[in-house]
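Secondary and tertiary structure notes
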Amino acid sequence: MRLQHLRLIAAAMSCLIMISGCGPKQTETPESLTSPPASVHPATPGQSPVVQEPSKPDDPAAALTAQLSLPEKLGQMVLVGMEGAAMQQEIRGMISDRHVGGIILYGNNIVSPQQLSELVNELKKANRETGAKLPLLLSADQEGGRVSRLPQDIDVFPNSRSVGNTNDPKYAFRVGTALGEAMKAAGFNTDFAPVLDVNTNPANPVIGDRSFGTTAQTVSEMGVQEMLGIKSQGVIPVVKHFPGHGDTSVDSHFGLPIVDHDLERLRSVEFVPFAAAIKEDAPMVMVAHILMTKLDPNTPSSMSSIVIGQYLRNELQYKGVVITDDMTMEAIGKTASIGAAAVQAVLAGADIVLVGHDPAQQKAVLEALADAVDSGKIPQKTIDESVNRIAKLKLGFGLTDEPVSMPDVPALNKHIRELLSK
């Protein structure tokens, strides 16, 4: 009887303690089990209380990455070129079936401002219609001088050497601002510029006046300001060509350049502009097809885990997106099949593989990457880390697939002239 009496007292006390009484327990939702309670702030007289939802850890890029299928993830890691000046079935299929994350346009794709706006909008529309969760990178090599892709109606920009010769960082920033404004008006969101190679070889067949100068200091000061000017217009600048293409005697479009400088020289010259750009939050770095014998004697930089991982990522502390130079260039074609080269580039730390030409080559890259993931050669974690960086870049710059308007070319040119006037 004593034991039964104690049990009755305990039950009575339990009922008194429970605020909701002794009725049946209410079912809790998963959200109520995992979320802290919302805080209620006092309202002014006549208003309802203001309920402030609790803050939650938020990583939109990681959330988007988790929603993507493997083919969608691999598509984000490939940026392709296209044929012609209008939407073709091949590029439509690359977007709808292969889920490519970006397009690069060359001179043969661009005729006029109106044609370019129409093409850009067709590409954006194709991506929207697939239900893509991430917008396209729409890119071109718009450096100024002899490497210009904008329609001829838009004013010509000076080459980098003439910008560097002014020794005026403020002018370099204005040039970058004008480049960004023109690219954005034309419908692009990514510019493969500026060139941060220090042109120490007067006989360099591929860089020359594309470089801001022959010293690391000039290239750093002027190149970084141009990068920041482009970035100020909401356009992604891509600094190139790490680890440094300035002292080469071979054009990587036609063969594999070999550079024999030791690490001390590279750290005091070639690396310097890239280190400066990284300190200013360079969003994307292009890695060159160069054999740096003192860094990695066996593998071109674009496919080297030593160059990308040990030096770019670890030593220079770069955390942004790494893209290869065009994998259809002969520097790669003469050393490996494009599929194997793309797999090696991703394993080395490249986030995006650029395949500027030939739909067959583009498909070979995508298939090789898929096979490498299926076989376990490329870990799923490697893919997720790259796609997360790509998603963070696109979200950070606020890219969308919304249509663009035809640019007001006279007004644009007027503003370019104002920015470029000394």
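Residues numbered from 1 in each chain as written. Predicted model: local features only at pLDDT ≥ 70, side-chain atom pairs only at ≥ 80, totals over all residues. Heavy atoms only, no water.

Judged by nonpolar contacts, the single largest core of 117 residues is most densely connected at Ile103, Leu123, Phe188, Leu312, Ile323 and Leu369. In terms of residues, this core owes the most to one element, helix α8 (residues 169-186), which gives eight residues. (Core = buried A, V, L, I, M, F, W, Y, C linked by side-chain atoms within 4.5 Å. Buried < 20%, exposed > 50% of the residue type's maximum accessible area, 1.4 Å probe, protein only. Helix = DSSP H or I, 4+ residues; strand = E, 2+ residues; numbered from the N terminus.)

Throughout the structure, instances matching the rule amount to three aromatic pairs. Residues Phe271 and Tyr311 carry aromatic rings whose centres are separated by 6.1 Å and whose planes lie at 50° to one another, so their mutual orientation is tilted. One end of the pair, Phe271, is in helix α11 (residues 271-279); the other, Tyr311, is in helix α12 (residues 305-315), and 40 residues separate them in sequence. For the pair formed by Phe271 and Tyr311, the shared burial category is buried. Ring pairs connect the aromatic residues Phe242, Phe271, Phe274 and Tyr311, which therefore count as one cluster. (Phe/Tyr/Trp six-rings, centres within 6.5 Å; stacked < 30°, edge-to-face > 60°.)

As for its placement among the helices and strands, Thr328 is situated in the loop between β11 (321-324) and α13 (330-333). Polar side-chain contacts of Thr328 include one of 2.8 Å to the side chain of Asp326. When neighbours within four sequence positions are excluded, Thr328 is seen to be in contact with Ile338, Val355, Gly356, His357 and Gln361. (Polar contact = N/O pair within 3.5 Å; in protein donor to acceptor, adjacent residues only side chain to side chain. Contact = heavy atoms within 4.5 Å.)

Pairing is possible between side chains that carry opposite charge, provided their charged atoms lie close to one another. As enumerated under the stated definition, the model contains 17 salt bridges in all. We note a salt bridge from Arg98 to Glu367, for which the minimum N-O separation is 3.4 Å. With a gap of 269 residues between them, Arg98 in the loop between α5 (89-96) and β4 (102-104) and Glu367 in helix α15 (residues 359-375) connect regions that are remote in the sequence. Overall, Arg98 belongs to the partly exposed group, its relative accessible area being 26%. The shortest N-O distance in the salt bridge between Glu315 and Arg267 comes to 2.8 Å. Of this pair, Glu315 sits in helix α12 while Arg267 sits in helix α10 (residues 263-268), and the two are 48 residues apart along the sequence. With a relative accessible area of 43%, Arg267 lands in the partly exposed category. (Salt bridge = Lys/Arg side-chain N within 4 Å of Asp/Glu carboxyl O.)

Attention now goes to the packing of α8 against helix α17 (residues 409-420). Contact pair α8 / α17: the axes reach a minimum separation of 8 Å and the direction vectors enclose 165°. Regarding the angle of α8 to α17, the classification is roughly antiparallel. In terms of crossing hand, the pair formed by α8 and α17 is left-handed. Seen from α8, the contacting residues are Tyr171, Arg174, Val175, Thr177, Ala178, Glu181, Ala182 and Ala185; seen from α17, they are Leu412, His415, Ile416, Leu419 and Leu420. (Axes fitted to C-alpha atoms, helices over the stretch in contact; angles between N-to-C directions. Parallel < 35°, antiparallel > 145°, perpendicular 65-115°, else oblique. Left-handed = near helix turned anticlockwise from the far one by under 90°.)

Turning our attention to the pairing of β11. Regular strands show a simple pattern: their side chains alternate between the two faces of the sheet. Of the two faces of β11, the one lined by Val321 and Ile323 and the one lined by Val322 and Thr324 are each fully buried. Here strand β9 (residues 284-287) runs beside β11; their pairing, made up of four bridges, is parallel. Looking across to β11, one finds that Val287 is bridged to Thr324. (Pairing = 2+ DSSP bridges.)

Glancing now at the packing of helix α14 (residues 338-348) against α15. Contact geometry for α14 and α15: axes closest at 8 Å, N-to-C directions at 50°. The orientation of α14 relative to α15 falls into the category oblique. By crossing handedness, the relation of α14 to α15 is classed as right-handed. Side by side, α14 and α15 meet where Ile338, Gly339, Ala342, Val343 and Val346 of the first sit next to Gln361, Ala364, Val365, Ala368, Leu369 and Ala372 of the second. Residue composition of the contact of α14 with α15, grouped by class: nine nonpolar, two polar and no charged. (Nonpolar A, V, L, I, M, F, W, Y, C, P; charged D, E, K, R; others polar.)

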